[in-house]
Amino acid sequence: QVQLAESGGGLVQAGGSLRLSCAASGSIFSINRMGWYRQAPGKQRELVASLTSGGSTNYADSVKGRFTISRDNAKNTVYLQMNSLKPEDTAVYYCSVVATTRDLRYSEYWGKGTLVTVSS
């Protein structure tokens, strides 16, 4: 199994910055993709940013130019640097990791979520 530990959420004023972290641990053979999703009240969960093992990134249009996803392979940790935050960025942010475990099971794992609140 793979466990994900998220950190970095909180309250910030509009225009401010936050950095989210998500560390993966457990029986990991390889990590294929790491990403961040978010879910605002009354809305569906949406992809914010993802990063494949090959280095390809994908961003939601609403965060392009403001958010940056990165990864520390040695620590199995993914980061989301969020700049120029807007009130509409307020949501619970979830870490997602697609990994192959040592018993060769391929699956997607989710963190418990961290709340980001942007005040106007």
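Cut-off values and rules
Residues numbered from 1 in each chain as written. Predicted model: local features only at pLDDT ≥ 70, side-chain atom pairs only at ≥ 80, totals over all residues. Heavy atoms only, no water. Helix = DSSP H or I, 4+ residues; strand = E, 2+ residues; numbered from the N terminus. Rg over C-alpha atoms; globule rule 2.2 N^0.38 Å. Buried < 20%, exposed > 50% of the residue type's maximum accessible area, 1.4 Å probe, protein only. Contact = heavy atoms within 4.5 Å. Polar contact = N/O pair within 3.5 Å; in protein donor to acceptor, adjacent residues only side chain to side chain.

**A look at the overall build of the chain**
For the chain, the count of helices and strands is zero helices and 11 strands. Ordered by position in the sequence, the α and β elements of the chain form the string β-β-β-β-β-β-β-β-β-β-β. Taking 120 residues into account, the globule formula puts the C-alpha radius of gyration at 14 Å, and the chain, at 14 Å, falls close to it. Dimensions of the chain, computed from the C-alpha atoms along their principal axes, are close to 50 × 25 × 25 Å.

**A few points about the environment of Q39**
Mapping Q39 onto the fold places it in strand β4 (residues 28–39). According to the relative accessible area criterion, Q39 is partly exposed, its value standing at 29%. The spatial distance from the C-alpha of Q39 to the C-alpha of A49 is 13 Å, given a sequence separation of 10 residues. Leave out the neighbours within four places in its chain, and Q39 touches Q44, R45, A91, V92 and Y94.

**Describing the environment of T77**
Looking at the element boundaries, T77 is found in strand β8 (residues 77–82). In this structure the C-alpha to C-alpha distance between T77 and F67, which are 10 residues apart in sequence, comes to 17 Å. When near neighbours in sequence (up to four residues on either side) are disregarded, T77 contacts C22, A23, M34, S70, R71 and D72. A polar side-chain atom of T77 sits 2.9 Å from the main-chain carbonyl oxygen of K75.

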